Amino acid sequence: MKIAFLTDSSSDIPVDLAEKYGIQVVGFPINLEGKEYLERRDMTNEEFYEMMRAAKGVPTTAAITQIQWAEIYQEYVEAGVTDLVHVTINSGGSSTYNNACKAIEMLGEECPGHTMKIHLIDSHTYSMPFGWYLCECARKVQEGAPLESCLKEMQDKLARVEICLSAYSLKQMKKSGRVSAAAAVVGDLMGIRPIISLNDGISKVESKVRGDVNVPPAMVKWVCSRVDNVKEMPYMIAYTSSTGKRDELVKLCRKSFGHAPLCVFSLGGVISANTGPDGIAIVFEGKPRRLADYAVPLP
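The structure displayed is predicted, hence computed values, not measured ones.

A. Looking closely at the overall build of the protein. When its secondary structure is counted, the protein shows eleven helices and 13 strands. Put simply, of all contacts in the protein between residues at least 6 apart along the chain, 77% involve residues at least 24 apart.

Dropping the structure here:
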């Protein structure tokens, strides 16, 4: 067997890990102020945060097309790959997954009779919540574990991933229409910070706190409400430009959960285009999803 791994830049897999595990990461196009950039090629995460702050408008992203995926698939066929593991951004937030489904059909027309098996997986989430588990899958395959068991384990993990996030400024969410202009202005003036859950691509405001100092404790409290035993709970910490707040959250999580995070990572352009440049998040393995517990997506 010759196995390959493929994903998109919304996975936020650091370059060194992608190279270590042989994962191809395809960049998303991002448009800001009328100019198109390719994530992971045209700017670093830190540069993008500053670009957002300086911009009058909001960044927008475009899906990776079926033609792009079909061309990439064909390259793998020609390279003699027998199994391609392809994990994408949540299909509820991007047409990228559906485009990949169509690309599989196109590949059959372009390469009739090919025998490459494409394991196309909808992550149902964003960022390293699926990037990390793809890395783990690739690592275990490299070490000789059976592909099928690695895929099953990854999908089980993905079915348990939850995200708790907070933005220290509602400016970007106001710009993108995720909160009303009035709510954003009042919220920022009064120092009100929303504690938001993200499960299966569906976001919900779980609570609101006043003042930056109360954000990390509120996030930790909500995470504890979702897990039976935090002492055994794998988790990660995400951040944008707020390195001080990142360090504060890591310290509190270590104390509250009794162990260090699996990793601490920065959010890339696709994700921070919606959250803004001033946010932090806890990613954790909770219980299997119960979507009935979650509200409809925020407007």
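B. The nonpolar core, seen in detail. One finds Ile23, Trp69, Tyr73 and Met154 to be the most contacted residues of the largest nonpolar core, which totals 69 residues. The element contributing the most residues to this core is helix H5 (residues 128–142), with nine residues. Beyond its immediate stretch of four places on either side in the chain, tryptophan 69 contacts Leu6, Thr7, Asp8, Val26, Ile64, His86, Thr96, Asn99, Ala100 and Ala103. Within the second largest apolar cluster, 23 residues are counted, among which are Val215, Val223, Val250 and Ile282.

C. Expanded view of the packing of aromatic side chains. By the definition in use, this model includes two aromatic pairs. Between tryptophan 222 and phenylalanine 284, the ring centres sit 6.1 Å apart and the planes meet at 75°, which makes this aromatic pair edge-to-face. Note that tryptophan 222 is positioned in helix H9 (residues 215–226) and phenylalanine 284 in strand S13 (residues 279–285), a separation of 62 residues in sequence. The same class applies to tryptophan 222 and to phenylalanine 284, which are both buried.

D. Quick look at the pattern of salt bridges. With the rule as written, the count across this model stands at twelve salt bridges. The residue arginine 139 makes a salt bridge to glutamate 143 at a minimum N-O spacing of 3.2 Å. For arginine 193, the salt bridge is made with aspartate 212, and the minimal N-O distance between the two is 2.8 Å. Of the two residues, arginine 193 sits in strand S9 (residues 192–199) while aspartate 212 sits in the loop between strand S10 (202–210) and H9, which places them 19 residues apart along the sequence. Ionic contacts of the salt-bridge type, sharing partners, join the residues Glu50, Arg53 and Asp278 into one network.

E. Inspection of the confidence of the model for the protein at higher detail. Of all residues in the protein, 89% have pLDDT values of 70 or greater, and the mean over the chain is 88. Every residue in residues 291–299 scores below 50 in pLDDT, and together they form 22 contacts with partners more than four places removed in sequence or on other chains.

F. Representation of helix H3 (residues 66–78) in the model. Here H3 is 13 residues long and its end C-alpha atoms lie 18 Å apart, about the 18 Å a rise of 1.5 Å per residue gives. Residues of H3 that are buried include every one of Trp69, Ala70, Ile72, Tyr73 and Tyr76, and no others. Considered in projection along H3, the buried side chains sweep an arc of 165° and stay on one side of the axis. Where H3 ends, the next residue or the one after it, glycine 80, has phi of about 80°, a positive value.

G. Looking closely at the sheet that holds strand S4 (residues 35–38). Strand order across the open sheet formed by three strands is S4-S3-S5, with antiparallel pairing between neighbours. The open sheet has two edge strands, S4 and strand S5 (60–61), and neither has a second partner. With two bridges joining them, strand S3 (residues 29–32) and S5 adopt antiparallel strand pairing. The partner of isoleucine 30 across the bridge, within S5, is threonine 61.

H. Local environment of the pairing of S3. Two elements, S3 and S4, share four bridges in a ladder whose sense is antiparallel. Looking at the pairing, asparagine 31 lines up with glutamate 36 of S4. As consecutive antiparallel partners, S3 and S4 are separated by two residues, and within that stretch glutamate 33 has a phi angle of approximately 55°, a positive value.

Procedures and definitions
Residues numbered from 1 in each chain as written. Predicted model: local features only at pLDDT ≥ 70, side-chain atom pairs only at ≥ 80, totals over all residues. Heavy atoms only, no water. Helix = DSSP H or I, 4+ residues; strand = E, 2+ residues; numbered from the N terminus. Contact = heavy atoms within 4.5 Å. Core = buried A, V, L, I, M, F, W, Y, C linked by side-chain atoms within 4.5 Å. Buried < 20%, exposed > 50% of the residue type's maximum accessible area, 1.4 Å probe, protein only. Phe/Tyr/Trp six-rings, centres within 6.5 Å; stacked < 30°, edge-to-face > 60°. Salt bridge = Lys/Arg side-chain N within 4 Å of Asp/Glu carboxyl O. pLDDT = per-residue confidence, 0-100. Expected span 1.5 Å × (residues − 1). Arc of directions from axis to C-beta. Pairing = 2+ DSSP bridges.

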